[in-house]
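Coordinates in review
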Amino acid sequence: MARKVGLIGLGLMGSALAQRLIGAGLDVLGFDLDRSKCDELEARGGRTAASVADVGHSCDVVLIAVLTVDQVEQVVEGENGLAGAERPPAVLCTATCDPERIASLASRCASRGMVFLDTPVSGSSGQVAKGEGLGLVAGDRDEAARCADVIEAIYPRHVYVGPAGDASRAKLAINLALGLNRAALAESLVFAERIGLDPAAFLAIAKQSAAYSQIMDVKGAKMIKGDFAPQGRIVQSRKDFGLILSEAGRVGQHLPMAEILMGLLEGCIENGEGDWDNSAVIREVRRRHAR
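As a starting point, this report considers the structure included with it. (Residues numbered from 1 in each chain as written. Predicted model: local features only at pLDDT ≥ 70, side-chain atom pairs only at ≥ 80, totals over all residues. Heavy atoms only, no water.)

**Examining helix α10 (residues 199-207)**
To be explicit about the condition: Each residue is placed in one exposure class: buried if its accessible area under a 1.4 Å probe, protein chains only, is under 20% of its type's maximum, exposed if it is over 50%, and partly exposed if it falls in between. Here a helix means four or more residues in a row that DSSP labels H or I, a strand means two or more in a row labelled E, and each is numbered from the N terminus. Along the arc lie the directions from the helix axis toward the C-beta atoms. Note on contacts: a residue pair is in contact if any heavy atoms of the two residues lie within 4.5 Å. Polar contact is the term for a pair of N or O atoms within 3.5 Å; when the atoms are in protein, one must be able to donate a hydrogen and the other to accept it, and sequence-neighboring residues count only if both atoms are side-chain atoms.
Taken together, the buried positions of α10 are Pro199, Leu203 and Ala206. Buried residues of α10, viewed axially, fall in a sector of 65°; they line one side. Those residues of α10 that are buried are in contact with α9 (166-194) and α11 (214-225). N-cap assignment for α10: the residue whose side-chain oxygen lies 3.2 Å from the backbone N of Ala200 is Asp198.

**Structural notes on unusual backbone geometry**
Not every positive phi belongs to a glycine, and Asn80 is a case in point at roughly 65°. Position of Asn80 among the secondary structure elements: in the loop between α4 (69-77) and β5 (90-93).

**Observations concerning the packing of aromatic side chains**
Selection criterion: When two rings of Phe, Tyr or Trp (its six-membered ring) have centres within 6.5 Å they constitute a pair, described as stacked for plane angles under 30 degrees, edge-to-face for angles over 60, and tilted for the intermediate range.
Enumeration over the complete set of coordinates arrives at one aromatic pair. Note on Phe228 and Trp276: the rings are 5.7 Å apart at their centroids and 15° apart in plane angle, and the pair reads as stacked. Placement of the pair is Phe228 in the loop between α11 and α12 (234-250) and Trp276 in the loop between α13 (256-270) and α14 (281-287), with a sequence separation of 48 residues. Residue class for Phe228 comes out buried when judged on its relative accessible area of 11%.

**Examining the pattern of salt bridges**
Here is the rule we go by: Definition used for salt bridges: Asp or Glu carboxyl oxygen within 4 Å of a side-chain nitrogen of Lys or Arg.
A full pass over the atoms with the stated rule returns 26 salt bridges. Residues Arg35 and Asp39 are paired through a salt bridge, measuring 3.0 Å at the closest nitrogen-oxygen approach. With Arg35 and Asp39 both in helix α2 (residues 35-44), this residue pair falls four residues apart, about one helical turn. Between Arg101 and Glu73 there is a salt bridge, and its shortest N-O distance comes to 2.6 Å. Of this pair, Arg101 sits in helix α5 (residues 99-111) while Glu73 sits in helix α4, placing them 28 residues apart in sequence. By relative accessible area, which is 18% here, Glu73 ends up buried.

**Side note on the packing of α4 against α5**
Heads up, the condition is: Axis lines are fitted through C-alpha atoms, for helices just across the contact stretch, and the angle between N-to-C directions can take any value from 0 to 180 degrees. Each angle gets one of four labels, with under 35 degrees taken as roughly parallel, over 145 as roughly antiparallel, 65 to 115 as roughly perpendicular, and the rest as oblique. For this classification, Asp, Glu, Lys and Arg are treated as charged, while Ala, Val, Leu, Ile, Met, Phe, Trp, Tyr, Cys and Pro are nonpolar and the rest, including Gly, are polar.
Between α4 and α5, the least distance of the axes is 11 Å, while the angle of their chain directions is 5°. Relative to α5, the element α4 is oriented roughly parallel. For the pair α4 and α5, contact is made by Val69, Asp70, Val72, Glu73, Val76 and Glu77 and by Arg101, Ile102, Leu105, Arg108 and Cys109, respectively. In terms of residue class, the contact of α4 with α5 is made up of six nonpolar, no polar and five charged.

**With respect to a nonpolar patch on the surface**
Our working definition: In this analysis, a patch consists of residues with relative accessible area above 30% that form no salt bridge, clustered at 9 Å for like charges and at 5 Å for the nonpolar side chains Val, Leu, Ile, Met, Phe, Trp and Tyr. Note that accessible areas follow from Shrake-Rupley with a 1.4 Å probe, and for residues the cover is restricted to the protein chains shown.
Taken together, Phe191, Ile195 and Leu197 make up a surface patch of nonpolar side chains, about 320 Å² in accessible area. Relative to the helices and strands, Leu197 is located in the loop between α9 and α10.

**Describing the state of the cysteines**
To keep it simple, the criterion reads: Disulfides are defined as cysteine sulfur pairs within 2.5 Å.
In the structure shown here, the tally under the stated rule is zero disulfides. The cysteine Cys147 is free of any disulfide, with Cys59 supplying the nearest cysteine sulfur at 12 Å.

**Some thoughts on the packing of α12 against α13**
Here is the rule we go by: Here a crossing is called left-handed whenever its near helix is offset anticlockwise from the far helix by less than a right angle, and right-handed whenever the offset is clockwise.
Where α12 meets α13, the closest approach of the two axes is 10 Å, and the angle between their N-to-C directions is 150°. Relative to α13, the element α12 is oriented roughly antiparallel. α13 is crossed by α12, and the crossing has left-handed handedness. Of α13, the residues touching α12 (which contributes Ile234, Val235, Ser237, Arg238, Phe241, Gly242 and Leu245) are Ala258, Glu259, Leu261, Met262, Leu265, Glu266, Cys268 and Ile269. Its residues placed into classes, the contact of α12 with α13 shows ten nonpolar, two polar and three charged.

**A short note on the environment of Val150**
Structurally, Val150 can be placed in helix α8 (residues 148-154). Residues Val150 and Val62 lie 88 residues apart in sequence; the distance between their C-alpha atoms is 9.6 Å. Not counting chain neighbours up to four residues away, the residues in contact with Val150 comprise Arg3, Val5, Leu21, Val61, Leu63 and Leu92.

**Looking at the pairing of β5**
Defined as follows: Two strands are said to pair when DSSP picks up at least two bridges between them. By definition, the crossover connecting two strands over a helix is right-handed if that path, from the first strand to the second, turns clockwise as seen with the strands pointing away from the viewer.
Here β5 shows a buried face lined by Ala90 and Leu92 and a second buried face lined by Val91 and Cys93. Here four bridges tie strand β4 (residues 61-64) to β5, and the two strands are oriented parallel to one another. When the sheet's bridge partners are listed, Ile64 is paired in β5 with Cys93. On the question of chirality, the crossover connecting β4 to the parallel β5 by way of α4 is right-handed. The pairing of β5 with strand β6 (residues 116-118) spans three bridges and is classified as parallel. Across the sheet, residue Val91 finds its bridge partner in β6, namely Phe116. You can see the chain leave β5, run along α5 and come back into β6, and the turn it takes is right-handed.

This is the structure in C-alpha cells:
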C-alpha cells in the first residue's frame with residue numbers, strides 16, 4: 001500500500017511537489033483554500049481533504065507549501081491545525097521562512113512529541129517538478145532519515161544542513177545570490193540591447209563567458225521573450241528579500257545590493273507585475289532609462 005503523504009498548499013511549489021510525490025507512487029492527500037487548486041491535484045491523480053485537520057488525521061507525513069511563516073504556524077498550531085491530531089504527523093516545511101521563528105516552532109513541536117523538519121528547496125517550481133531543485137534539510141537527523149522516502153521523492157538532490165532553522169538560513173543566503181544574479185542578468189541584457197546588440201545573440205555569448213550562471217539558462221529566454229508566466233512570483237521574491245533584509249538588520253549587516261533589488265521588486269509590484277515571474281525584474285530595469 002502506498003504511503004499516505006499530506007500536502008498543505010497547492011500553489012506553484014505545492015503543485016510541483018505533488019507531481020514529484022505522485023510520480024514516486026505515493027498516495028497524496030492535499031488541501032488548499034482555493035478549490036480550483038484541489039481540482040488540479042485530483043486531475044493529476046491525488047486526493048483532497050476538506051481541511052488541514054483532515055490531512056493531519058489521515059497522514060503520517062505532511063508537507064507544508066504555503067507562503068509565509070504566519071501561515072506555517074497557523075497550519076501547525078492554529079485551531080484544527082496539525083498539532084491537534086490524535087497522532088500528529090511528521091511535518092516537512094518547504095516554505096521559505098524566518099529562520100528564528102522556524103527554529104522556535106520546531107522546538108515547540110518537539111516539546112509536544114511532534115516531528116518538525118525545516119526543508120526548503122533551492123530552485124524554481126519548474127526545476128523542482130523535474131527533480132532539479134536542491135533540497136535543504138534541517139532538524140533531527142534520525143527523524144529526517146525516517147522521512148527519507150518522502151524527501152528523496154521530492155528532492156532527488158538534497159543535503160543535510162543542521163538543526164532546524166539552518167536550512168531556512170541557507171535558503172535565504174542562496175536566494176540573496178539568486179536574486180542578485182537575476183537582477184545582474186536583467187541589467188546586462190538591457191545594457192546590451194541599448195548599445196545595439198541583439199539580446200538573444202548576446203545571451204548565447206554570455207553563456208560561454210566567465211560571467212555564466214545557471215540563471216542565464218533558467219531566466220534568460222524568459223527575459224528576452226517577455227514570457228513572465230510564473231515559476232516564482234515577484235511578490236514571493238519581495239517577501240524573501242524582506243526576510244533577508246530583516247535577518248541582516250538583526251545581526252547588524254548592511255546589504256547594499258539587496259536594498260537596490262528590493263527597490264526593483266517594489267517597482268514591479270507598483271506597476272501591477274507582482275504575480276508575474278521574478279524574471280520580470282527586467283521590466284523595472286527598462287523603465288529606469290535616462291531622461
